[in-house]
Every structure is written in structure tokens, then in C-alpha cells.
Amino acid sequence: MSWLIWRQHRIELLFVLATVCLCSAFLAFEHISLVGTYSDLGLGKCTSAASPACSSNLQAFANQFGWLYVGIYWMLLLPAMFGIFIGAPLIAREVESGSYRFVWTQSVTRTRWFLSKVVALIVGAILMTAALSAVISWALWPLTRVEGILLLPTLNVLTTPLFDLTGAVALAATALALSLGILAGALTRQTVLAMVLTVIVFTAVRIPVASFLRPHFASPVVTTAAVSLNSDVPVVPNGAWLMKLGFIDGEGQTFDLIGVASARCQPYAADPTALQQCFREIGLRSFAEYQPADRYWLFQGYEAAIYAVLAATALLVAWSAVRWRLA
Amino acid sequence: MTAIAEADNLGKRYGARWGLKGCTLSLPAGRAIALVGPNGAGKTTLLQLMVGLLRPTEGAVRVCGHEPFKQPADVLPRVAFVAQDQPLYSNFTAEDLMTLGAHLNRRWDDRLVRDRLRQLRVPLDRPVGRLSGGQRAQVALGLSLAKQADIVILDEPLASLDPLARQEFLQTLMEAVTESGATLILSSHIVDELERVCDYLVILATARVQLTIAIDEALDTHKKLTGPPSDLLALSSIHDVVVASQTPRQMTAVVKGSGRMLDPSWETHAMSLQEIVLAYLTRSRQEEAEPAAELAVR
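Counting restarts for each chain: residues are numbered from 1 in the order of the written sequence. For naming, the first written chain is A and the first written ligand is 1, with later ones following in the order written. In view of the model being predicted, local features appear only for residues whose pLDDT reaches at least 70, and side-chain atom pairs are presented and counted only at 80 or more, with totals across whole chains, interfaces and linings using the full set of residues. Hydrogens and waters are ignored; side-chain quantities use all the structure's heavy atoms.

With respect to the helices and strands, the residue B:L117 is situated in helix α4 (residues 110-119). Taking C-alpha positions, B:L117 is 21 Å from B:V79, a pair spaced 38 residues apart along the chain. Only DSSP runs of H or I covering at least 4 residues are called helices, and only runs of E covering at least 2 are called strands; the numbering of each starts at the N terminus.

Structure below.
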């Protein structure tokens, strides 16, 4: 089987390799200027944005390179591409061209044909994704670190796109896209229709998981801080995924804006001491809800498990369609 | 006679329509078997059931003693199959397809197919999608022979060929069958010329088997009788009537049996294979039409 798999998918492999190389070259090129600027600004010594010098340098760095987040955003398409161009045609094209009647009547049974193809393609696709994901993590580390200190959400390790492009999730998402493509092809037996369905279903799974399930994998950490005139934000550790900032009073009511939260203290607005006293009396504090960065592997585990289970289910259904429905 | 393939009340339903129904037959080993019948008679269905591409809806088929769909690993290495229109990977060259065959089969005679194709001057380095229909059929046949299977099954190998290519194909097929000693099963809706290759006949019509017989025997035992208009029942009492038709002046009947017609007013004619097949197909069509006719009278 390995020869046939190589012969049928070598063009695809070449194409994927070229894509990964191109993305890697782009990232490596950006990496050079990232590292250069990072050391020029002496950002290695900054561990928080507290000091004014660090703050402005970090901010300048983030402003200069923040666009890279858009640059890697479209790399999220790679797993979908595997599903569309390799998964969907796998069975559909064989059926459309009638060649399944040729290949399934050699001495290799169709179950073995299916297993060999699926294993080879998923392993291949996962290796390619792993390579790209390693390059992304390596190339962007200075920017990720700076955005972590500034608590920016764009290149946070727990948010899209970085979370999706690295770790177990990237690999499981690739396996899922391929499996959904294979399933769509096995059920519809039409390449184009299967391609369209693959995109729709894959998106319909990923976006809700990333935006609705991921924030709830663990209950967020809540910290509060006394509201004073020079600082009103609680301390949040570097790299955390900041989910909510606001104000809470003694009765447990939450507010987004300090103006609304402190309406009752309006009469004391002119006198800072009296105002501070009023804040203390109504129990007004600021709060932050966040997921700490060290939950990365926990979250990766949950999300990857969801995708892996879905992928395995899709493959099982696809196999039974190949074995029983195409007969 | 050792049976190499047997079907027992085999049936395959596609949705509401039966592609094959109540098929019971036993095919002898070592023969070249022609499976003939009109389009839609269930030939392709029967052959695909025999190689495990299809699952029986009812009944069972056994090939080399195993059920192809349930035990594909036992049947597939012993059966070579060329589907209708010879589906091959059109972007593969003949060379690629030979490599594929060598990788996907335990037994593989690479030299056999290579020599054969070279002799027929089929280009080995051109994608088979760009070969002529005749050349593609030769590639598919070569691949099936290289598998060195006990049974070679060809589904409508002649359908896509022009008369010249058909001649050439039958010639090489005949040589190959003689050499290999494998059982050949070949389906066709064209009966003409099949005698050159085949020595056994299965007639399939309206999803049922009509006749299973050696071709020599079929030619020996089938006669066309013409004589004065007479009672069909009387005729049936002495002969096994396949089909009969009557005009005011004469009666024509196709009968099966070795008995002679003693009445001198009857003439006896030998029949060609094509005429015999046609007689059975006419009968099956009449049988199919009868219930409808009865209904119309009421």
C-alpha cells in the first residue's frame, strides 16, 4: 500500500511541503527583525510594564510587530486545506472515477486499503502541522512574551490563533479536518460537495469550541484590588488570558465602568480623601477574571481531546460507509 | 464437475429495484464461461457480488469456497476482476499500474504483462487516460492476467471496443486463457464471436438465470422446428419448448432435447449460439409481459 499512497499523494505532499516551507521562511525572516529589535530595546530585562521606560519600549515593540498576529491568522486554514484537498477526495474521487472497482479488487481488502490510507495521511498531515507549529512558536517568542507582559489578547497562548496553531490542538484539529473530509467524501461520494461540507462542518465545530467552550474549561481566577486614585486594576500575572475587568461593590454587584459603580460617591468627587473614604464604605473594589497562562496544557488537553474523539468517530463512520454502504 | 463459483438463491436489491433475484447457479472450474444477457439483466451485479464489491441482499455466493464480501482476504487473491469500462487511474502509466499490481498482490507475474503489452505495442510510459479504448482494455486485461488468479472475471470487456479492436482483444484473450488454465468468466451483451473464446454459457435475463450449459451441448441440443400450425400443448408433450410463435401458415418453435421430429411435415434446423440466446431472451420477455397482459384482459 505504501507505494500506492506515495504515488497518489506525492503531489499533495509536495504542495504541503512547499506551503510549510514558505510559511516558515516568512516566519524566520520576521524572527530576525523581532529578535534584533527585542535586544536593541533591552526588553529581556523587562518583566512588567510598571517602569515607564519598560512600558513605552514594550508598547513600541507591540505596536511595531502586532500585525504579525494577522500574518499567522490565515495559517489556521492549513488544517482545513488538508480536509478539503486530501480528505474529501480520498473516497469520493475513487467512486466518481469508478477506480474503486479496480483498487478494491486487488489482493488488498478495502478495510486494509482504508486503514493504510487513513493512517499514512493523518500521520503525514500531523507531521507537517507539527513542523509549522514548532516554527511559529520559535519565531514569535519575543512578541508572545511582550504581549504577555502587556496582557494583550492578540498573541496570547490561550487564544486564537496562537492556541490553535500550537501544541496538541493544532495536531488534533488537523486530524479532525482530514477525518471530516474523508467522512464527507464517503457519505456523499461527490468530491465537490464533500469539499464544501468539510469546510462547513469543520468551521461549525471549531469556532463554537474555541469561542464558547474554551473559556469554560476551568473556572477563571478572580482577583480584586482596592480602588485607589492612582491604580484601579488588580495585578494579573504575565501571559494570562484576561477575560473580564470591572468593579464590584460590597453587595456583590458588578459594574463595567467606574463612573456607574461609584455614582453614590458623586457628592465627594471634589475631595480625594472623602472620595476614597466613600469607596471604602460601599466596599468598591476592582476585579479581574483571567485564565493563567500555566493552564495552557490543561486547556490544550481538553480541546485536543474533543477534536480527537470527533475525528475518531468520523473515521469509524467513514469506515463503515466504505465497508457496508458502498456495497 | 468441480464448481469454482456457486450462487444459492442470490439476490441484490438497489432501493426498491432488484438487480438480481433468485440466482442459483454453479460454474465449472477450468472453463471459459460467457455470461450473456441484455443490458440491465444483472450481469454486472452478479460479477460484482462474486468479487465482493457488492454485498448480497439475500442468499449467498461462494467463490473458491468462500463468501467474497464476508471473507475478502480469502477470495481477492484468487480472483482477477476487470470492471466495465476498465476503470484504471487515468493519470497512471501502464508502468505505474504494473508497479501497483506488484505491490498490492502476493502473486504477480510482471514479465507476463510487460511482454504482452510490448508485443501489442501499447506505450508503457503514457498515462492510460490518453490511450485508445482498445489499448486501455489490453492494459486492464494484462494486469488481470499478471495476478495469476484462479478466476479471471471480465465485465463487458468488448463493449467499448470497435470491431477491429474487438477482434484483436478476443485473439489475445483466447491465447491467454489457453496458456493460464484459469477459469474465465466474461460478460457480454454481444453474443457474436464469443464462441471463439468461450465454451460454457450462462444466460441471464430479467434478473434471473435462464440457462447454464456447455456451449457444445447448447448447439447440439437446441433445434428450430418449423411446421404446420398446430397445438403448442401437443408439441410441448414431446419436446422441451423454449419459445414458440405461430402465424396462420406455420408454426416455429425452438426446442431443447435430443429427440428427433418424426412427422415429415416438420423441418428441423440447427441453431447458432446467437439464435439460441435470442430464443431464451424472447421467452423471458414474454414471461415478463404475461402477467401484465392478463391484467389488461380483465
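In this analysis, the protein atoms alone were mapped onto a 1 Å grid. Cavities are point sets where a 1.4 Å probe fits without being able to get out; pockets are open sets with protein on both sides within 12 Å along at least five of seven lines; lining residues have an atom within 4 Å of a point. Grid points are joined across faces, edges and corners, and a volume is the space filled by probe spheres set on the points. Approximately 500 Å³ is the volume found for the largest pocket. Lining the largest pocket are 26 residues, and of these A:Q8, A:R93, A:E94, B:Y89 and B:N91 sit closest to its centre. Residue assignment for the lining of the largest pocket shows that the elements contributing at least two residues are α1 (2-40) and α4 (77-97) of chain A. No other element matches the 7 residues that α4(A) contributes to the lining of the largest pocket.

With that settled, consider unusual backbone geometry. A cis geometry characterises the amide bond from A:T160 onward to A:P161, with omega recorded as 5°. By the secondary structure assignment, A:P161 is in the loop between α7 (141-149) and α8 (162-165). Unlike most non-glycine residues, B:C64 shows phi in positive territory, near 50°. Of note, B:C64 is situated in the loop between β4 (58-63) and α2 (72-75). Of note, B:E156 is a non-glycine position whose phi angle comes to about 45°, a positive value. Burial classes: relative accessible area under 20% of the type maximum marks a residue as buried, over 50% as exposed, and values in between as partly exposed (1.4 Å probe, protein chains only). Judged by relative accessible area, which is 4%, B:E156 ranks as buried.

In this section: the state of the cysteines. The definition used for a disulfide is geometric: two cysteine sulfur atoms within 2.5 Å. Applying the stated criterion across every chain, the model contains 2 disulfides over all chains. One disulfide in the model links A:C46 with A:C54; its S-S distance is 1.8 Å. One quick way to see it: the torsion about the S-S bond of A:C46 and A:C54 is about -90°, and its sign makes the bridge left-handed. For the pair shown, A:C46 and A:C54 are each scored as buried. Sulfur-sulfur distance for the disulfide between A:C265 and A:C278 comes to 1.9 Å. Measuring handedness by torsion sign, the sulfur bridge of A:C265 and A:C278 sits at about -80° and is left-handed. With A:C265 in the loop between α11 (258-261) and α12 (272-282) and A:C278 in helix α12, the pair connects residues that are 13 residues apart, well separated along the chain. Taking the relative accessible area as the measure of exposure, A:C265 reaches 1% and is therefore buried. Here A:C278 falls in the buried class, since its relative accessible area comes to 6%. Left without a disulfide partner, B:C23 is nearest to the cysteine sulfur of B:C64, which lies 17 Å away. Residue B:C198 stays outside any disulfide, its sulfur separated by 17 Å from that of B:C23, the closest cysteine. Overall, B:C198 belongs to the buried group, its relative accessible area being 4%.

Attention now goes to the domain arrangement of chain A. Residue and element names in this part refer to chain A. Here the limits of each domain have been adopted from an automatic or database domain assignment. Along its sequence, chain A is carved into domain 1 (2-218 + 307-325) and domain 2 (221-291). Whether two residues touch is decided by their heavy atoms; if any such pair falls within 4.5 Å, the residues are in contact. Contacts between the two partners involve 10 residues from domain 1 and, on the opposite side, 9 residues from domain 2. Here the quantity called buried area is the accessible surface, traced with a 1.4 Å probe, that two parts lose on coming together, added over both. For the pairing of domain 1 and domain 2, the buried interface totals around 850 Å² over both sides, and the portion due to carbon and sulfur atoms is 60%. Ranking the residues of domain 1 by area buried against domain 2 places L151, L158 and P215 at the top, with a combined share of 50%. The working definition used for a salt bridge is a side-chain nitrogen of Lys or Arg within 4 Å of a carboxyl oxygen of Asp or Glu. Counting across the interface, domain 1 meets domain 2 through 0 salt bridges. Residues adjacent in sequence count toward polar contacts only when both atoms are side-chain atoms; beyond that, a polar contact is any pair of N or O atoms within 3.5 Å, and within protein one must be able to donate a hydrogen and the other to accept it. At the boundary of domain 1 with domain 2, the tally comes to 6 residue pairs in polar contact (both at pLDDT 80 or more). Residues are grouped as follows: Ala, Val, Leu, Ile, Met, Phe, Trp, Tyr, Cys and Pro are nonpolar; Asp, Glu, Lys and Arg are charged; all remaining types, including Gly, are polar. Classifying every residue of the side of domain 1 that touches domain 2 gives 5 nonpolar, 4 polar and 1 charged.

We now examine empty space enclosed by the protein. Counted by the stated rule, this structure contains 5 cavities of 30 Å³ or more. Surrounding the largest cavity, 16 residues form its lining, A:F102, A:Q106, B:F81, B:V82 and B:S144 being those nearest its centre. Mapped onto the lining of the largest cavity, the elements with two or more residues apiece are α5 (100-103) of chain A together with β5 (79-82) and α5 (133-146) of chain B. Ranked by residues supplied to the lining of the largest cavity, first place goes to β5(B) with 4 residues. When its volume is computed, the second largest cavity comes out at roughly 80 Å³.

What follows covers the packing of aromatic side chains. Only Phe, Tyr and Trp rings take part, Trp by its six-membered ring, and two of them pair if their centres are within 6.5 Å. Stacked means planes under 30 degrees apart, edge-to-face means over 60, and tilted covers everything else. This structure, assessed with the given rule, holds 15 aromatic pairs over all chains. A centroid spacing of 6.0 Å and a plane angle of 70° characterise the contact between A:Y38 and A:F61, whose relative ring orientation is edge-to-face. Within this pair, whereas A:Y38 is found in helix α1, its partner A:F61 is found in helix α2 (residues 52-65), the two being separated by 23 residues in sequence. Each member of the pair, A:Y38 as well as A:F61, carries the same accessibility label: buried. Members of the aromatic cluster, joined through ring pairs, are A:W3, A:F102, B:Y89 and B:F92. Positioned above the aromatic ring of B:F92, the side-chain terminus of A:R7 is 4.2 Å from the ring centre. Lying over the aromatic face of A:W324, A:R323 brings its terminal NZ or CZ to 5.1 Å of the ring centre. Charge over a ring is defined by NZ of Lys or CZ of Arg lying within 6 Å of the ring centre and within 35 degrees of the ring normal.

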